[in-house]
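# A look at the structure
The chain contents come next:
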Number of protein chains: 2
Amino acid sequence: MPKRTSHEESACPVARPLDVLGDGWTLLIVRDAFDGLRRFGQFQKNLGLAKNILSARLANLVANGVFELTPAADGSPYQEYRLTEKGRALFPVVTALRQWGEQYFFTGDEPRARLVDRAAGAPVARVEVRASDGRVLGPDDTEVLLP
Amino acid sequence: MPKRTSHEESACPVARPLDVLGDGWTLLIVRDAFDGLRRFGQFQKNLGLAKNILSARLANLVANGVFELTPAADGSPYQEYRLTEKGRALFPVVTALRQWGEQYFFTGDEPRARLVDRAAGAPVARVEVRASDGRVLGPDDTEVLLP
DNA sequence: CAGCGTGGTTGCAAAGTGCTACCGCGTTAC
DNA sequence: GTAACGCGGTAGCACTTTGCAACCACGCTG
């Protein structure tokens, strides 16, 4: 996590999420949660990170309302980490990142995990930025207006 | 940057991008580049981060093909950092993150920067994950198929 | 009650971050 | 012509974070 002293209260809505997500592990934890993982041990095993780090990340995500700690869904006497609505709202972020990774970090024939629409079994469409009338927008078609 | 020893060659396309972007500052640099910033000093002044850190981040981004270092566009004898095609492809990622920040990190009346479609002057639409036939998909409507 | 699985916390070495000072280069000021 | 200045860095060093390993608490199981 960077320090970002003077930008803590930045009016730019990109900066604040990065205080929560701006860590290499955090979005991987969220991705695993989208894949159905719920328990501390599942995350730890799947990601292979140290338990103290995972503990700190999960605590931070709970404190920021991305996960909530609910008392067991199956019979087990433990707790599980579930995505909140706010956490599920990260789905386009993770998916856009995934597609960027697919396009630029894999060679053509390299095996990769694919994200598919469960109903159709077909890959999901590319995530695009669109105008309110549906036109696809690139970086140069937009501008940021300050308050 | 996390270590991610055994996941360096992960088949999950979310993990690899995070080796490049998984730092709190990196996406802010990219965001600033979308806003038109090109020069070392512009980034440094706008973000307020130490020059050695910025230097390291930019070098990493150049090494990973997100920026390219081109020899001056105006008359100045310096170089500038320009987004490559790969870098511009991060637009949906940054925009999705921005919208998440807008929705969950600002109270209703708090002043915030807004991203608008230059042609219409209207805010851009919400970034959504869609199936190939256009249906909007949530996290539970999709699954990851391993290779 | 001995052992085991789960979900952590604690210590400590190593790595990364960030502040400050300095450096090299080209341009301007005098 | 040389002194000062802006730009784009690098170097030194204190401080923080990361991550491995060891330990701990709790509930269940045999």
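See the structure printed just above.
Residues numbered from 1 in each chain as written. Chains lettered and ligands numbered in written order. Predicted model: local features only at pLDDT ≥ 70, side-chain atom pairs only at ≥ 80, totals over all residues.

### Things to note about the overall build of chain A
Our working definition: The helix count covers DSSP runs of H or I at least four residues long, the strand count covers runs of E at least two residues long, and both are numbered beginning at the N terminus. The burial criterion counts other C-beta atoms lying within 10 Å of a residue's C-beta, which is placed from the backbone; the residue is buried at 20 or more, exposed at 12 or fewer, and partly exposed between these limits. Note on contacts: each residue gets a C-beta atom placed from the backbone, and two residues are in contact if those atoms are within 7 Å.
Per the secondary structure count, chain A includes six helices and four strands. Tracing chain A from N to C terminus, the helices and strands come up as α-α-α-α-β-β-α-α-β-β. Overall size of chain A, expressed as C-alpha extent along the three principal axes, is 50 × 45 × 30 Å. Taking all 147 residues of chain A together, 37% fall into the buried category. Intrachain contacts of chain A at a sequence separation of at least 6 include 35% that bridge at least 24 residues.

### A short note on the packing of helix α2 (residues 26-34) of chain A against helix α6 (residues 91-104) of chain A
All names here are of chain A. Worth spelling out the cut-off: Here an angle of 0 to 180 degrees is reported between the N-to-C directions of two axes, which are lines fitted to C-alpha atoms, with helices fitted over the stretch in contact. These descriptions rest on fixed angle ranges, namely under 35 degrees for roughly parallel, over 145 for roughly antiparallel, 65 to 115 for roughly perpendicular, and the rest for oblique. The residue classification treats Ala, Val, Leu, Ile, Met, Phe, Trp, Tyr, Cys and Pro as nonpolar and Asp, Glu, Lys and Arg as charged. All others, Gly included, are polar.
Contact pair α2 / α6: the axes reach a minimum separation of 10 Å and the direction vectors enclose 105°. Between α2 and α6, the crossing angle belongs to the class labelled roughly perpendicular. Note on element contacts: α6 touches α2 through F91, V94 and L97, opposite L27, V30, R31 and F34. Tallied by class, residues from the contact of α2 with α6 come to six nonpolar, no polar and one charged.

### Quick notes on the protein's contact with DNA strand D
The test is simple: By convention here, the C-beta atom is placed from the backbone, and a residue is near a molecule or strand when that atom is within 6 Å of it.
By nearness alone, 17 residues border DNA strand D, and A50(A), P2(B), K3(B), G41(B) and S55(B) come closest of all. In terms of residue class, the surface near DNA strand D is made up of seven nonpolar, five polar and five charged.

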